[in-house]
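# Geometric and topological summary
In case you want the letters, here they are:
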Amino acid sequence: MKPLVTVERLCLLAHILSLVFGLAGLLFVLPNPALIATLPPIGQIVFGWSMVVGGVVYILLGAATVAIYACRVLGWRNWLGFMLPSVLLSLCSELLGTSTGFPFGHYHYLSGLGYKIAGLVPFTVPLSWFYLGMSAYLLARVGLEAMGVNGWVKQLGAIALGAILLTAWDLVLDPAMSQTPYPFWEFLELGQFFGMPYRNLLGWLGTGALFMSVATLFWRDTLTRLSRTQLWVPLSIYLVNFAFGAIITISQLDSQFWIPTIMSVLLGVVPAVALWWAAEPTVPLSSSPTVGVRAEV
């Protein structure tokens, strides 16, 4: 398993670096064309290429990190049991949303996130639902179990909490990606909630809860006793992606956007860290992992 751990950590590191590079480009380089002009020809080519594919790369690296992590720690059946519903159902929601305005409101994607499925939804978007959704759901499920919540209450609670953590991320993601000088999508209607329609938030909650519910049916009670150490990848993924959206939002938009950012912290970051901290520091070596869960860190 050590080679998988190495690849997983390299993907996570590359994911974080690609987010940092993207921040530098969006916040410092693009607003200063004179700086771009000072780059040597090869530098300008690399920068132009990175601005075209940067959004695709960071999402692919995030999805690869979580896929390898899930396959290694949870087993390939549980990985597919979450990935397939999250990708397919989120894609259906996005195709429906970009076609009809339900459930997110009327919007459309611009360039920068890769090839568009049916000319509407970039192929990377369902992958982002997968890797953030799985990170949020695992933190919620393991944290609740560590607090002594079990049975159907744990399962429903994990779905509800996971969907809330996922939606909390959108509170900083949507303004950063749709209302800043270099957007990746745009709403075609004036939203009442900081430029976003309220139904966009309901769409996020509903879509997240839907694919997490389907994953729960596949998983049942086959996931237990993940430790705090084993949860550092989902927590890291959640926090760095929150930071990416939050930094863009508070640096590129006016002061009113501190409100959704603070809401995102209170509804997402604080619960995510608390759920991670609630897990056992390590899984006792004498305990036998449940079927489908591997004991490796």
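Preceding this section is the structure that the text describes.
So, here's what we can say about the structure. Numbering of residues starts from 1 in every chain and runs along the sequence as written. In view of the model being predicted, local features appear only for residues whose pLDDT reaches at least 70, and side-chain atom pairs are presented and counted only at 80 or more, with totals across whole chains, interfaces and linings using the full set of residues. To get the side-chain values, take all heavy atoms of the structure and skip hydrogens and water.

This brings us to unusual backbone geometry. In this structure, P103 follows F102 across a cis peptide bond, with omega equal to 10°. Among the structural elements, P103 can be located in the loop between α4 (76-100) and β1 (107-109). Here A118, not a glycine, exhibits a phi torsion of approximately 55°, which is positive. Per the convention used, a helix needs a DSSP run of H or I reaching at least four residues, while a strand needs a run of E reaching at least two, with both numbered from the N terminus. Note that A118 resides in the loop between β2 (116-117) and β3 (121-122). With a phi angle near 50°, F194 is a residue other than glycine that sits in the positive phi range.

Attention now goes to the pattern of salt bridges. Pairing is possible between side chains of opposite charge, provided their charged atoms come close. Take a side-chain nitrogen of Lys or Arg and a carboxyl oxygen of Asp or Glu: if they are within 4 Å of each other, that pair is a salt bridge. Using the criterion set out here, one finds three salt bridges in the structure. Close ionic contact of R72 with E8 constitutes a salt bridge, the shortest N to O distance being 2.8 Å. Linking R72 in helix α3 (residues 41-73) with E8 in helix α1 (residues 2-29), this pair joins segments that are 64 residues apart in sequence. The residues R72 and E8 share a single accessibility class, namely buried. Where E145 meets K154, a salt bridge forms, and the shortest distance between an N and an O atom there is 3.6 Å. With a relative accessible area of 18%, E145 lands in the buried category. Judged by relative accessible area, which is 2%, K154 ranks as buried. Burial classes follow relative accessibility: with a 1.4 Å probe on protein chains only, a residue under 20% of its type's maximum area counts as buried, one over 50% as exposed, and anything between as partly exposed.

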